[in-house]
Amino acid sequence: MSDIVDLRSDTVTKPTAAMRAAMAAAEVGDDVYGEDPTVRQLEERVADLLGHEAALFTPSGSMANVLAVRTVAGVGQEVLCEARAHIARAELGAHAAHTGVTMRTWSDPGGGIDLAAIRDLYAPDMGPFFVPTAAISVENTHNFAGGAVLPWEDLEALRTYADDTGVAIHLDGARIWNAHVATGRSLADYGRIADVAAVCLSKGLGAPIGSLMVGSAEAIAESRVWRKRMGGGMRQVGILAAAGLHALDHHIDRLAEDHAHAAILAEAMGVTSSTNIILAEHPEAARVVAEAAEEGILVSAVGPTSVRAVTHLDVDRSAVERAAVVLARIFAQQ
């Protein structure tokens, strides 16, 4: 396994020795009672970073998104999002199944905000005849758009539109840390665009588990109940929260290395990259995955003709360069 270069996702990372030490030393309590001091510290830290009143630790990003969206869109209401958004494509219908929310989508090649399309989709509350639009969701960075960073001016324009129409904004910020490092834009700036947000610790930041919902104190209080209702109540979970705190202290700035490594892979695959995710088209994506695996390079097919590679802290420069040679050869054969 030491010869494998795993580029399937940034979720495959393993805790560093320093992170494991922080976890072992964590002070804990019963978080369902609100008595885990390390969890409280993490929640306060993330809320402060994003400029919101409060945050809630969850075991997964999908749960954080479901909880966040539920606070701004109720049963029988809709959320507008880009067609490849994680909440629409990769959360297994959880929003409809658990909270009765529906979705309509716009399509943008770069995963971006199409304000004209959003205006056309928006449905005001017209009584018991049509589904009303309650919220707009944006994903930054956008996973299935190759880690694209949403332009700041588009986010500001969307905030103005949301304020004018009275709808809420949900930010799927699973990889907001990457957007922050790529642009230099503060996390608080990104946070103020959204009414509620979800951020992840177990992708580029390298924690073994954990995400947080961020929002108002009222939204977090509601979501704490819903987290328990959905089976997400956790007890002495400060052991995991300690990993998140370590990641915030030590693994944000280093994301720039992942972005540089992604640029090397992107060139080999004949495309460009914005952050740590590379998406490249090939007529036989499954064949690319199989042939790369034969040489110890693991990538993913995220569609019949779409190959994804993701850099992370467990893949160093030499591993990236080896992967680039293999992928360049395979892509040259199409």
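Residues numbered from 1 in each chain as written. Predicted model: local features only at pLDDT ≥ 70, side-chain atom pairs only at ≥ 80, totals over all residues. Heavy atoms only, no water.

Novice: A description of the overall build of the protein should follow, citing residues and the corresponding values.
Specialist: Scanning the protein from N- to C-terminus turns up 14 helices and 12 strands. Its C-alpha atoms give the protein a radius of gyration of 20 Å, near enough to 20 Å, the size a compact globule of 334 residues would have. Principal-axis analysis of the C-alpha atoms places the extent of the protein at approximately 60 × 50 × 35 Å. Here the protein holds 334 residues, and 53% of them are scored as buried. Roughly 13700 Å² of accessible area belongs to the protein as shown, and the carbon and sulfur atoms make up 52% of that amount. (Helix = DSSP H or I, 4+ residues; strand = E, 2+ residues; numbered from the N terminus. Rg over C-alpha atoms; globule rule 2.2 N^0.38 Å. Buried < 20%, exposed > 50% of the residue type's maximum accessible area, 1.4 Å probe, protein only. Areas by Shrake-Rupley, 256 points an atom, 1.4 Å probe, with all protein chains shown as cover.)

Novice: Which residues make up the pairing of strand β6 (residues 168-173), and what values do they have?
Specialist: Counted residue by residue, β6 has 6 buried out of 6 residues, so it is predominantly covered. Because side chains alternate across β6, one face comprises the buried residues Ala168, His170 and Asp172, and the other comprises Ile169, Leu171 and Gly173, equally buried. Two elements, strand β5 (residues 133-139) and β6, share 5 bridges in a ladder whose sense is parallel. In the strand pairing of β6, Ile136 is matched with Ile169. For the handedness criterion, the β-α-β arrangement of β5, helix α7 (residues 152-165) and β6 is classed as right-handed. Pairing analysis gives 4 bridges linking β6 to strand β7 (residues 196-200), with the strands arranged parallel. Each residue of the ladder has a partner; that of Gly173, found in β7, is Val199. (Pairing = 2+ DSSP bridges. Right-handed = clockwise from strand over helix to strand, strands pointing away.)

Novice: Describe the pattern of salt bridges, naming the residues involved and giving the relevant values.
Specialist: Within the structure shown, the criterion is met by 19 salt bridges. A salt bridge links Glu156 to Arg192; the shortest N-O distance between them is 3.7 Å. In this pair, Glu156 is assigned in helix α7 and Arg192 in helix α9 (residues 187-193), connecting sequence segments 36 residues apart. Of the residues examined, Glu156 reaches a relative accessible area of 34% and is grouped as partly exposed. In this structure Arg192 comes out as partly exposed when scored by relative accessible area, which is 49%. In this structure, a network of salt bridges that share partners links the residues Glu156, Arg185, Asp189 and Arg192. (Salt bridge = Lys/Arg side-chain N within 4 Å of Asp/Glu carboxyl O.)

Novice: Run through the sheet that holds strand β11 (residues 300-303), naming residues and quoting values.
Specialist: The 3 strands lie next to each other as β9-β12-β11, forming an open sheet whose pairing is antiparallel. Each of the sheet's edge strands pairs with one partner strand only, and the pair in question is β9 (277-281) and β11. In this sheet, adjacent strand axes meet at a mean angle of 35 degrees when their direction is disregarded. One ladder, built from 3 bridges, connects β11 with strand β12 (residues 306-310); its direction is antiparallel. Opposite Gly303, over in β12, you have Ser306 as the bridge partner. Those strands touched by helix α13 (residues 285-294) are β11 and β12, and its axis lies near 170 degrees from that of β11. (Axes fitted to C-alpha atoms, helices over the stretch in contact; angles between N-to-C directions. Contact = heavy atoms within 4.5 Å.)

Novice: Can you lay out helix α8 (residues 176-183) for me, pointing to particular residues and giving the numbers?
Specialist: Residues that lie three or four places apart on an α-helix share one face, since the helix turns once every 3.6 residues. By the burial criterion, the buried members of α8 are Ile176, Trp177, Asn178 and Ala179. Tucked inside the fold, the buried residues of α8 contact α2 (37-50), β6, α9, β7, α11 (238-250) and α12 (255-268). Looking one or two residues past α8, Gly184 carries a phi angle of roughly 80 degrees, positive in sign.

Novice: Which residues make up the nonpolar core, and what values go with them?
Specialist: The biggest cluster of nonpolar side chains holds 50 residues, and the ones touching the most others in it are Leu42, Phe57, Ile118, Trp177 and Leu201. With residues up to four places along the chain from it excluded, the contact list for Leu201 reads Leu42, Phe57, Trp177, Gly206, Ala207, Gly210, Ser211, Leu212, Gly244 and Leu248. (Core = buried A, V, L, I, M, F, W, Y, C linked by side-chain atoms within 4.5 Å.)

Novice: Break down the layout of surface pockets for me, citing the residues and quoting the values.
Specialist: Of the volumes computed, that of the second largest pocket is approximately 230 Å³. What lines the second largest pocket is a set of 23 residues, among which Gly61, His86, Ala174, Cys200 and Lys203 lie closest to the centre. Counting residues per element, the ones that place at least two in the lining of the second largest pocket are α3 (61-72) and β7. Among the residues forming the lining of the second largest pocket, the class breakdown is 7 nonpolar, 11 polar and 5 charged. (1 Å grid on protein atoms, 1.4 Å probe; cavity = no way out; pocket = protein on both sides within 12 Å on 5 of 7 lines; lining within 4 Å. Points joined across faces, edges and corners; volume = space filled by probe spheres on them. Nonpolar A, V, L, I, M, F, W, Y, C, P; charged D, E, K, R; others polar.)

Novice: Describe a nonpolar patch on the surface, and please don't skip the residues or the numbers.
Specialist: Nonpolar side chains collect at one region of the surface, where Met126, Phe129 and Phe130 lie side by side and expose about 380 Å² of accessible area between them. Structurally, the position occupied by Phe129 is in the loop between α6 (115-121) and β5. (Patch = residues over 30% accessible without salt bridge, like charges linked within 9 Å, V, L, I, M, F, W, Y side chains within 5 Å.)

Novice: Can you break down empty space enclosed by the protein residue by residue, with the values?
Specialist: In the structure shown here, the tally under the stated rule is 1 cavity of 30 Å³ or more. The volume enclosed by the largest cavity comes to roughly 40 Å³. Cys81, Glu82, Ala85, Trp106, Gly111, Gly112, Ile113, Ser137, Val138, Glu139, His142 and Leu150 are the residues that line the largest cavity. Looking at the lining of the largest cavity, the elements that each hand over two or more residues are β3 (78-82) and β5. Of the residues forming the lining of the largest cavity, the biggest block, 3 residues, is contributed by β5.

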